[in-house]
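The chain contents come next:
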Amino acid sequence: MILPQTKTAAVEKYSRLNFAIQGESAGSKARAAMFQTLHGEVKTPVFMPVGTQATVKGQTVESLKATGARVLLVNTYHLLLRPGPEVLRKLGGIHCFMNWDGPVLSDSGGFQIFSLPHSRAMKEEGARFQSYVDGKSYLLSPESSIEIQKIIGSDIMMALDQCIPAAASRGEAAAAMELTHRWAERSLRARGESPQALFGIVQGACYPDLRRKSVEFLGGLPFDGFAIGGLAVGETRGERYELTRLVAGYLPEHLPRYLMGVGTPIDLLEAVHCGVDMFDCIIPSQLAQRGVAFTSRGKLQLRRSVHKMCEESLDPRCDCYACWNYSRAYIHHLIKCDEFLGWHLLGVHNMAFYHRLMREMRENILRGDFCGYYDAKRSELTRTDEDNPRRAPKKAKTAAPARLGDYEVYTSGRGFFSIRQISSGEVMHSVNAPGDEANKLYIEQSCLGARLPERKGRADELVIWDVGLGAASNAMAAIRCFESACAKHGERGIGSLLLLSFESDLDPLRLAAKDLVRFPHLRHGAPWRILTTGNWQHYSGLLRWELLHGDCRSFIESATAPDCIFYDPFSYKADLMLWTREIFARIFSRCAAKSAELYTYSASTAVRGALLSAGFFVAAGVGIGPKPDTTIAFASAKAAADHPLAPPLLGRDWLGRWRRSGAKFPAALPTEERDLFEKLIEEHPQFVNGS
């Protein structure tokens, strides 16, 4: 959606960049913007190639411009040591020195000092470190960092900060954040009246409350933009996504947001979705040196012999210099011979890939179609070489499946992955891919995508009980459905949702979260928050996800009454006590007032009988895999009649089969209760009033 170009009073007061948002996308925080630097205009989202030592490795200024580069990043720490401020001052600053006429952002050197744990000391005055060039001792303070950046002549300077590892204790994180805040104030004073822009850096490690505190402090200072620092330093990808989402949501809307040092193409897509505008990373050139090319058909390793005779270009959808002029076979030859030209050509291609990704995101934001682009692009950016998939050597030993506690990763013969409980041998979603089964059995049958807009304007939340969180396939399917509805109808066009997940053992989710390639549904910040804090909230405030960790039975009476139940624990053979008449009677009592419905994969006679005896009206659900049907249970006859899909209630033909069944009683039903159980089913209104 294109926005009118207006400036707020806050922009006029604070920003040297005249930052203006030009478009935003419904259902996402993605935005397209523009700002003006001393060396020209910048359109966002923008990727900045890393020219640490006044050069992007393997590239010329001309090749960078040809790929679409608009802004370059240089590093104060490295330029201080070599060539030194005297050289840069004499030669007229970085632009004249490297013959680059576009904007330049200079990093303060904080991250590089963090990378030297054994040859530096952090004090209030600044960071003292030993040069890797000549062994001399240097003090880099907020004032000296700004002074050097003035000599560099960058368009955007960065305040000196203290970066710490992701695993740092809360005390260490808080101390580093507070030091960063004091250094930020000193950096602003040192900047003075310089026309160069200056960004503050948000710190706080992996502690959301510290991150928010850092934003609140820095947001009160006259910076021209803000960077999210302290990521890509040991945290998991899930942590990175979630912290990016949180911090971007806290930062002022009227100033640019810069995610430092991140990352892969999928990282950039996710961060733009969270509202980030600017990025830098060494990955395009670093992986080029290793023989890797990013393409629309997946990530290629040009060292592989499969490319030896290939006449094709790297990517038929790319118009870069390398793709127009050279074959995969030639670039493979260069890489195998360790020829510099191979690195250069792959670097050209990878830079072009990154800048094209930025342009496409911007175009789709301005068209108002970013969410559709995001959904399609997520799968494309995680592909490996689709045309030439790797095959294991014939004599290679089969690797033992990854394990955690009583669970292991299960590889289906149909090519998908799931989680198996070792002790019982039961597999979560053993026949169908977990995501496919979750959508078909729970999301589509419950008509969740249609129910959300129907609840527009209602004060109460639609409540889903997710009984048996497992590896979060069903929960994430619900979240994806919500996000799609939000993108389609806008935040004002849907109702709110509360997702309550019941689980006693989080090891399946922890195990799956370690392998986002095999379990791509977890490539989202929400699962990490559930594992670390037990709750997550969508940026719109319309979706809350909470974990009820412990014995499911202990939460039935206290949890918010449900409108819909995804009932997906292990089978009664492995988890007997969650399939009894007693447990279903308690659930029925809890949800009867809302006329809720319950969806489950089991279609066994005993389970359906237990549901009927508890008071539910029971229908046949959609079939999955070899099962001809599943089960839907309604808390009232009206709920069954009003369901949009009109699932058929079990009739007297089923009742006849139940009477003849040798397994018509739930396994845990006491013998003395069997007569009552039979009476409850025989006299159930579903059969008395039905056909």
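Look above for the structure.
Summary of the structure given here. As the structure is a computational prediction, the values presented were derived from the model and not from experiment.

### Some details on the packing of aromatic side chains
Pairs of aromatic rings are described using the distance from one ring centre to the other and the angle between the two planes.
Reasoning step 1: On inspection of all chains with the given rule, the structure shows 23 aromatic pairs.
Reasoning step 2: Of the aromatic side chains, those joined through ring pairs into one cluster are Phe47, Phe294, Phe353 and Tyr354.
Reasoning step 3: One cation-aromatic arrangement involves Lys65 over Trp100; the distance from NZ or CZ to the ring centre is 5.8 Å.
Reasoning step 4: Directly above the aromatic system of Trp658 lies the positively charged group of Lys664, at a separation of 4.8 Å from the ring centroid.

### With respect to the sheet that holds strand 27 (residues 630–634)
Reasoning step 1: Spatially, the eight strands line up as an open sheet ordered 22-23-21-20-24-25-27-26, and their pairing is mixed. Both edges of this open sheet fall to strand 22 (535–537) and strand 26 (617–621), since each of them pairs with a single strand only. Pairwise comparison of adjacent strand axes, ignoring direction, gives a mean angle of 15 degrees for this sheet.
Reasoning step 2: Across the sheet, helix 22 (residues 581–591) is in contact with strand 20 (462–467), strand 24 (564–567) and strand 25 (597–600); its angle to strand 24 comes to roughly 160 degrees.

### Describing the nonpolar core
Reasoning step 1: By size, the foremost hydrophobic cluster in this structure holds 93 residues, and its most contacted members are Trp465, Trp545, Tyr567, Phe584 and Ile587.
Reasoning step 2: With nine residues, helix 19 (residues 473–489) is the largest single contributor of residues to this core.
Reasoning step 3: Membership of the second largest hydrophobic core comes to 79 residues, among which are Tyr241, Leu251, Leu357 and Met358.

### A short note on the pairing of strand 24
Reasoning step 1: The alternating pattern of strand 24 places Cys564 and Phe566 on one face and Ile565 and Tyr567 on the opposite face, and all of these are buried.
Reasoning step 2: Where strand 20 meets strand 24, four bridges bridge the pair, whose relative direction is parallel. Looking at the pairing, Ile464 lines up with Cys564 of strand 24.
Reasoning step 3: Bridging between strand 24 and strand 25 involves four bridges; their strand directions are parallel. Each bridged residue has a counterpart across the sheet, and for Cys564 the counterpart in strand 25 is Glu597.
Reasoning step 4: Taking the sense of rotation as the criterion, the β-α-β connection linking strand 24, helix 22 and strand 25 turns out right-handed.

### Focus on the pairing of strand 4 (residues 46–49)
Reasoning step 1: In strand 4, alternate side chains face the same way, and those of Val46 and Met48 on one face and Phe47 and Pro49 on the other are all buried.
Reasoning step 2: In the sheet, strand 4 pairs with strand 14 (residues 278–281) via four bridges, with the strands oriented parallel. Residue pairing for strand 14: Phe47 is matched across the bridge by Phe279.

### A look at the sheet that holds strand 2 (residues 31–37)
Reasoning step 1: Spatial strand order, 1-2-3: three strands in an open sheet with antiparallel pairing. In this open sheet, the two edge strands, each paired with only one partner strand, are strand 1 (20–24) and strand 3 (40–44). Each neighbouring strand pair of the sheet contributes to a mean axis angle of 15 degrees, computed without reference to strand direction.
Reasoning step 2: The sheet contact formed by strand 1 and strand 2 spans four bridges and is antiparallel. Looking at the pairing, Ala20 lines up with Met34 of strand 2.

### Observations concerning empty space enclosed by the protein
Reasoning step 1: Counted according to the given criterion, the structure contains one cavity of 30 Å³ or more.
Reasoning step 2: Quantified by volume, the largest cavity comes out at close to 240 Å³.
Reasoning step 3: Taken together, 21 residues make up the lining of the largest cavity; nearest its centre are Tyr241, Arg245, Glu270, His273 and Cys274.
Reasoning step 4: If you list the elements that add at least two residues to the lining of the largest cavity, you get helix 10 (237–250) and helix 11 (265–273).
Reasoning step 5: Take the lining of the largest cavity: its biggest share by element is five residues, from helix 10.

### Examining the environment of Asp107
Reasoning step 1: Relative to the assigned elements, Asp107 resides in strand 6 (residues 104–107).
Reasoning step 2: Assessed through its relative accessible area of 8%, Asp107 is described here as buried.
Reasoning step 3: Along the primary structure Asp107 and Arg455 are separated by 348 residues, whereas in three dimensions their C-alpha atoms are 48 Å apart.

### Considerations on the environment of Asp155
Reasoning step 1: Within the secondary structure layout, Asp155 lies in the loop between helix 7 (142–152) and strand 10 (156–158).
Reasoning step 2: Along the primary structure Asp155 and Arg182 are separated by 27 residues, whereas in three dimensions their C-alpha atoms are 23 Å apart.
Reasoning step 3: Among all residues touching Asp155, those that are not within four sequence positions of it are Thr37, Leu38, His39, His95, Gly102, Pro103, Val104, Gln196 and Ala197.
Reasoning step 4: At 3.4 Å, the side chain of Asp155 forms a polar contact with the side chain of Thr37.

### Some words on a nonpolar patch on the surface
Reasoning step 1: A cluster of nonpolar residues, Val87, Leu91 and Phe97, forms a patch on the protein surface that exposes about 210 Å² of accessible area.
Reasoning step 2: Within the element layout of this structure, Val87 appears in helix 4 (residues 85–90).
Reasoning step 3: Using a relative accessible area of 30% as the deciding quantity, one classes Val87 as partly exposed.

### A closer look at the pattern of salt bridges
Reasoning step 1: Taken as a whole and assessed by the stated rule, the structure comprises 36 salt bridges.
Reasoning step 2: A salt bridge links Arg237 to Asp267; the nearest nitrogen and oxygen atoms lie 3.7 Å apart. Taken together, the residues Arg237 in helix 10 and Asp267 in helix 11 connect sequence positions 30 residues apart.
Reasoning step 3: Of the residues examined, Arg237 reaches a relative accessible area of 27% and is grouped as partly exposed.
Reasoning step 4: The residue Arg317 makes a salt bridge to Glu380 at a minimum N-O spacing of 3.8 Å. Pair noted here: Arg317 is in the loop between strand 16 (298–301) and helix 13 (321–325) and Glu380 is in helix 16 (residues 370–380), with a separation of 63 residues, a long-range link.
Reasoning step 5: Looking at Glu380, the relative accessible area reads 11%, which means it is buried.
Reasoning step 6: Ionic contacts of the salt-bridge type, sharing partners, join the residues Arg317, Glu360, Lys377 and Glu380 into one network.

Cut-off values and rules
- Residues numbered from 1 in each chain as written.
- Predicted model: local features only at pLDDT ≥ 70, side-chain atom pairs only at ≥ 80, totals over all residues.
- Heavy atoms only, no water.
- Phe/Tyr/Trp six-rings, centres within 6.5 Å; stacked < 30°, edge-to-face > 60°.
- Lys NZ or Arg CZ within 6 Å of the ring centre and 35° of its normal.
- Pairing = 2+ DSSP bridges.
- Helix = DSSP H or I, 4+ residues; strand = E, 2+ residues; numbered from the N terminus.
- Axes fitted to C-alpha atoms, helices over the stretch in contact; angles between N-to-C directions.
- Contact = heavy atoms within 4.5 Å.
- Core = buried A, V, L, I, M, F, W, Y, C linked by side-chain atoms within 4.5 Å.
- Buried < 20%, exposed > 50% of the residue type's maximum accessible area, 1.4 Å probe, protein only.
- Right-handed = clockwise from strand over helix to strand, strands pointing away.
- 1 Å grid on protein atoms, 1.4 Å probe; cavity = no way out; pocket = protein on both sides within 12 Å on 5 of 7 lines; lining within 4 Å.
- Points joined across faces, edges and corners; volume = space filled by probe spheres on them.
- Polar contact = N/O pair within 3.5 Å; in protein donor to acceptor, adjacent residues only side chain to side chain.
- Patch = residues over 30% accessible without salt bridge, like charges linked within 9 Å, V, L, I, M, F, W, Y side chains within 5 Å.
- Areas by Shrake-Rupley, 256 points an atom, 1.4 Å probe, with all protein chains shown as cover.
- Salt bridge = Lys/Arg side-chain N within 4 Å of Asp/Glu carboxyl O.

Don't take any of this as a statement about function, it's just geometry.
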